[in-house]
Amino acid sequence: MIRYVALLRAANVGGTGKLPMNELKAMCVDAGFDHIETYIASGNVVFGSKASAAKVKSEIEARLLAYAGKPVGIFVRTASEMQAVLNGNPFPGKPANFTVAIFLDDPPPPDALDHAVGKADEEMRLGSREIYVHYGAGMGRSKLKIPAATHGTARNMNTIAKLVGMALEI
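Now for a look at the structure at hand.

1. Things to note about the sheet that holds strand E5 (residues 99-103)
Alright, step 1. If you trace the four strands from one edge of the open sheet to the other, you get E6-E7-E5-E8, paired in antiparallel fashion. Among the strands making up the open sheet, the edge pair consists of strand E6 (123-126) and strand E8 (153-156). Ignoring strand direction, the axes of neighbouring strands in this sheet form an average angle of 25°.
Alright, step 2. Bridge count between E6 and strand E7 (residues 130-134): four bridges; the pairing is antiparallel. Bridge assignment links Leu126 to a residue of E7, and that residue is Ile131.
Alright, step 3. Where helix H4 (residues 157-169) meets the sheet, its contacts fall on E5, E7 and E8, and the angle it forms with E8 comes to roughly 85°.

Structure below.
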């Protein structure tokens, strides 16, 4: 069994994409996943499955489409991939709640950060399928826009650490 973490994009934030976590859990049960746990109401779910990451993603996407009536972005990582994201944090000395990984489906373009606009005190680095950002004054005050991250979803390092811990326990 492979341990997975699935991250939904724009679930229950900013008044968009309302999805109760018990519904998300029910979708995962319906897909045949095991040891399912959600974490906070922003679209984080940890589970086990024998299926490939691509199959897991398509199973959840299909159920979310049926539920929401429109496509919902989802990013799937194995427990070890999530651990690598946590270990790869290029800003380990910065506050974890001000440092995020923006999860993407594919590797970011090498020039992704060159196209960022609205930068003030933020620091950015590229990961394998992530873009790391440390928001000096906090994400809520930032005007930073990274075009390559438009269709991604961000989680702060505290949330990533919690999800890694949950995934390693199943």
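2. Observations regarding the sheet that holds strand E2 (residues 34-39)
Alright, step 1. Ordered by their spatial adjacency, four strands build an open sheet running E2-E3-E1-E4, and the pairing between neighbours is antiparallel. The sheet is open, and its two edges are formed by E2 and strand E4 (74-78), each paired on a single side. Within this sheet the neighbouring strands show an average axis-to-axis angle of 20°, counted without direction.
Alright, step 2. Pairing of E2 with strand E3 (residues 44-49) involves four bridges; the strand directions are antiparallel. By the bridge assignment for E3, Asp34 is matched with Gly48.
Alright, step 3. Against the sheet, helix H2 (residues 53-68) touches strand E1 (2-8), E3 and E4, its axis set at about 150° to E4.

3. Quick word on the packing of aromatic side chains
Alright, step 1. Within this structure, the stated rule accounts for two aromatic pairs.
Alright, step 2. A network of ring pairs unites the aromatic residues Tyr4, Phe33 and Phe47 as a single cluster.

4. Here's the deal with the nonpolar core
Alright, step 1. One finds Phe47 and Ile60 to be the most contacted residues of the largest nonpolar core, which totals 18 residues.
Alright, step 2. Broken down by secondary-structure element, the contributors of at least two residues to this core are E1, helix H1 (21-30), E3, H2 and E4.
Alright, step 3. Examining the composition of this core, we find that four residues originate from one element, H1, more than from any other.
Alright, step 4. Ignoring any residue separated from it by four or fewer positions in sequence, one finds Ile60 in contact with Ala6, Phe33, Phe47 and Ile74.

5. So, the pattern of salt bridges
Alright, step 1. Inspection of the entire model under this criterion finds eight salt bridges.
Alright, step 2. Residue Arg63 is joined to Asp30 by a salt bridge in which the shortest nitrogen-to-oxygen separation is 2.8 Å. Taken together, the positions of Arg63 in helix H2 and Asp30 in helix H1 put the pair 33 residues apart, joining distant regions of the chain.
Alright, step 3. We classify Asp30 as exposed; its relative accessible area is 55%.

Parameters and conventions
Residues numbered from 1 in each chain as written. Predicted model: local features only at pLDDT ≥ 70, side-chain atom pairs only at ≥ 80, totals over all residues. Heavy atoms only, no water. Pairing = 2+ DSSP bridges. Helix = DSSP H or I, 4+ residues; strand = E, 2+ residues; numbered from the N terminus. Axes fitted to C-alpha atoms, helices over the stretch in contact; angles between N-to-C directions. Contact = heavy atoms within 4.5 Å. Phe/Tyr/Trp six-rings, centres within 6.5 Å; stacked < 30°, edge-to-face > 60°. Core = buried A, V, L, I, M, F, W, Y, C linked by side-chain atoms within 4.5 Å. Buried < 20%, exposed > 50% of the residue type's maximum accessible area, 1.4 Å probe, protein only. Salt bridge = Lys/Arg side-chain N within 4 Å of Asp/Glu carboxyl O.

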